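Chain residues, written in single-letter form:
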There are 2 protein chains.
Amino acid sequence: MKWSEHALVSLERAGYRSSAPRTAVVGALGAVGCGVTARQIGNLLDSRGDRVGVASIYRALEVLEAEGLVQRFDVGDSAARYEPALPSGEHHHHLVCERCGEVEAFEDEGLERAISRLARRVDFAIDAHDVTLKGECPECSGSRRRSSR
Amino acid sequence: MKWSEHALVSLERAGYRSSAPRTAVVGALGAVGCGVTARQIGNLLDSRGDRVGVASIYRALEVLEAEGLVQRFDVGDSAARYEPALPSGEHHHHLVCERCGEVEAFEDEGLERAISRLARRVDFAIDAHDVTLKGECPECSGSRRRSSR
DNA sequence: GTGAATGCAAACTCTTTGCATGACT
DNA sequence: AGTCATGCAAAGAGTTTGCATTCAC
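(A) The arrangement of the overall build of chain A in detail. Looking only at helices and strands, chain A features six helices and six strands. Along chain A, from the amino end to the carboxyl end, the secondary structure elements read α-α-β-α-α-β-β-β-β-α-β-α. Its C-alpha atoms give chain A principal-axis dimensions of about 55 × 45 × 25 Å. Counting across all 149 residues of chain A, residues that qualify as buried make up 41%. As displayed, chain A has an accessible area near 8400 Å², and 46% of this comes from carbon and sulfur atoms. A distance of 4 Å separates the average location of the 20 positive side-chain charges in chain A from that of its 23 negative side-chain charges.

Rendered as structure tokens:
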């Protein structure tokens, strides 16, 4: 089942009404998949012809996060990023290019193992985690070499 | 050598002038150590009697980060956090309580190993990383159990 | 003296909220 | 019908910037 369908069903079960704006936000999130900002969602909805107010986008994201249907994270550029949370619990983390701001996803089993081992030994009850690797993406490394900048 | 002294020397060597406001910001950062926001630095400076404008705090932090003397990170509460970067490269990561917002530091060798292994296999040139574990701190778990909330 | 750094206030961006209107169930 | 959800616009929080002044070298 696609994430967007799963999300809509979950919201309905949780007692939320099925409104056009919220459905559109879910559709947009399902379409882009990874690491979008609220602004990007708004732009996508605009280009689709779905006119949704900013407030509704934020409110939809708030509900989705509360229901565990989206994960919110931050790569340090002052705009929160959101992405679908898969019911399987499967997830990834992010590479961020410090030069151009590009965000790319990666998965790593070894990292997950290290984190779950760690989660057991700390005194907090851990229920989520976030890893961000920062550096230079291949394109930026390339152009820097070429232009000596 | 204390971090604050190291930082001041590094700035001077890099050609920055040694001004009272910037020196005060370095002093404040050195005093608190871990995960402070710009606002907290401002408050500390106020209580010390050092009157430093917000803009200067941000500008000082910008310079320090550019020189690799402080690390900036984000725990998702919409205010950037800063902490001294030790010249040894030694560093830690953070536990964040989702209930009360408390931020605590931890170190984990296994995690660092997993990350450096990972950094070698991705196509970005990684030069930094950030790990945030989210959950409930001991105090919040306790009070929740006691008050059933 | 000259240019860098400061402080203030205005400007900006992202996000949240109050409130009247509109839309699911 | 009764609410919940929306949209707009105003309000907030954090951060940045323009500009005249002050200070370090």
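(B) Region of interest: the protein's contact with DNA strand D. Neighbouring DNA strand D are 21 residues; A:Arg17, A:Arg22, A:Ser56, B:Tyr58 and B:Ala80 lie closest to it. Each atom of DNA strand D within 4 Å of the protein was assigned to sugar, phosphate or base; sugar and phosphate come to 67%. Within the backbone of A:Arg51, one N or O atom sits 3.2 Å away from a phosphate oxygen of DNA strand D. Residue A:Gly53 places a main-chain N or O atom 3.1 Å away from a phosphate oxygen belonging to DNA strand D. Only helix H2 (20–32) and helix H4 (54–66) of chain A together with helix H4 (54–66) of chain B provide two or more residues apiece to the surface near DNA strand D. Of the residues contributing to the surface near DNA strand D, the split by class is eight nonpolar, five polar and eight charged.

(C) Spotlight on the nonpolar core. Counting residues in each nonpolar core, the largest one holds 26 residues, and the members touching the most others are A:Leu111, B:Leu111 and B:Leu133. At the level of secondary structure, the elements contributing two or more residues to this core comprise strand S4 (93–97), helix H5 (109–121) and strand S6 (125–136) of chain A together with strand S4 (93–97), helix H5 (109–121) and strand S6 (125–136) of chain B. Residues in contact with B:Leu133, not counting those within four places in the same chain, are A:Ile115, A:Leu118, A:Ile126, A:Ala128, A:His129, B:His94, B:Leu95, B:Val96 and B:Phe106.

(D) Layout of the sheet that holds strand S3 (residues 81–84) of chain B. Spatially, S1-S3-S2 (chain B) is the arrangement adopted by the three strands of the open sheet, whose pairing is antiparallel. On the outer flanks of this sheet lie strand S1 (36–37) and strand S2 (70–73) of chain B, each paired with one strand and no other.

(E) Examining the sheet that holds S6(A) more closely. Taken together, six strands build an open sheet; the order of strands is S5(A)-S4(A)-S6(A)-S6(B)-S4(B)-S5(B) and the sheet is mixed. Pairing within the sheet leaves two strands with one partner each, and these edge strands are strand S5 (103–106) of chain A together with strand S5 (103–106) of chain B. For this sheet, the mean inter-axis angle between neighbouring strands, taken without regard to orientation, is 25 degrees. With four bridges joining them, S4(A) and S6(A) adopt parallel strand pairing.

(F) Quick look at the domain arrangement of chain A. All names here are of chain A. Per the domain assignment, the segments making up chain A are domain 1 (1–87) and domain 2 (92–149). Placing a centre on the C-alpha atoms of domain 1 and another on those of domain 2 gives a separation of 23 Å. The interface is formed by eight residues belonging to domain 1 together with eight residues belonging to domain 2. For the pairing of domain 1 and domain 2, the buried interface totals around 580 Å² over both sides, and the portion due to carbon and sulfur atoms is 59%.

(G) Local environment of the relation of the copies chain A and chain B. Rotating chain A by 179 degrees and moving it 0.0 Å along the rotation axis overlays it on chain B with an RMSD of 0.1 Å. One copy is carried onto the other by what is essentially a two-fold rotation axis. Within chain A, A:Val131 has its C-alpha nearest the rotation axis, a separation of 2.2 Å. Looking at the interface residues of chain A, 100% of them are also at the interface in chain B, so both copies use one shared face.

(H) The arrangement of the protein's contact with DNA strand C in detail. Around DNA strand C, 21 residues are found, and the nearest of them are A:Arg39, A:Tyr58, A:Ala80, B:Arg17 and B:Ser56. Sugar and phosphate atoms constitute 65% of the interface atoms of DNA strand C, taking the interface as everything within 4 Å of the protein. At 3.0 Å from a phosphate oxygen of DNA strand C is found a main-chain nitrogen or oxygen belonging to B:Gly53. The class makeup of the residues in the surface near DNA strand C is eight nonpolar, five polar and eight charged.

(I) Up close: the pattern of salt bridges. Residue and element names in this part refer to chain A. Going through the model one piece at a time under the given rule, you end up with 12 salt bridges over all chains. Notably, a salt bridge pairs Glu109 with Arg113, separated by 4.0 Å at the nearest N-O pair. In this pair, Glu109 and Arg113 both sit in helix H5, four residues apart, roughly one turn of the helix.

(J) Summary view of the interface of chain A and chain B. Taken residue by residue, the interface counts 35 residues in chain A and 35 residues in chain B. Buried surface at the junction of chain A and chain B, summed over both partners, amounts to about 2800 Å²; 60% is from carbon and sulfur atoms. A per-residue breakdown of the area chain A buries against chain B is headed by A:Phe124, A:Leu133 and A:Lys134, which together make up 23% of the total. Where chain A meets chain B, there are four salt bridges. Our count for the contact surface shared by chain A and chain B stands at 14 residue pairs in polar contact (both at pLDDT 80 or more). Among the elements of the structure, S4, S5, H5 and S6 of chain A are those that each provide at least two residues to the side of chain A that touches chain B.

Parameters and conventions
- Residues numbered from 1 in each chain as written.
- Chains lettered and ligands numbered in written order.
- Predicted model: local features only at pLDDT ≥ 70, side-chain atom pairs only at ≥ 80, totals over all residues.
- Heavy atoms only, no water.
- Helix = DSSP H or I, 4+ residues; strand = E, 2+ residues; numbered from the N terminus.
- Buried < 20%, exposed > 50% of the residue type's maximum accessible area, 1.4 Å probe, protein only.
- Areas by Shrake-Rupley, 256 points an atom, 1.4 Å probe, with all protein chains shown as cover.
- Lys, Arg positive; Asp, Glu negative; His and termini not counted.
- Charge placed at Lys NZ, Arg CZ, Asp CG, Glu CD.
- Near = heavy atom within 4 Å.
- Polar contact = N/O pair within 3.5 Å; in protein donor to acceptor, adjacent residues only side chain to side chain.
- Nonpolar A, V, L, I, M, F, W, Y, C, P; charged D, E, K, R; others polar.
- Core = buried A, V, L, I, M, F, W, Y, C linked by side-chain atoms within 4.5 Å.
- Contact = heavy atoms within 4.5 Å.
- Pairing = 2+ DSSP bridges.
- Axes fitted to C-alpha atoms, helices over the stretch in contact; angles between N-to-C directions.
- Domains from an automatic or database assignment.
- Buried area = accessible area lost by both parts, 1.4 Å probe.
- Least-squares fit on C-alpha atoms with pLDDT ≥ 70 in both.
- Salt bridge = Lys/Arg side-chain N within 4 Å of Asp/Glu carboxyl O.

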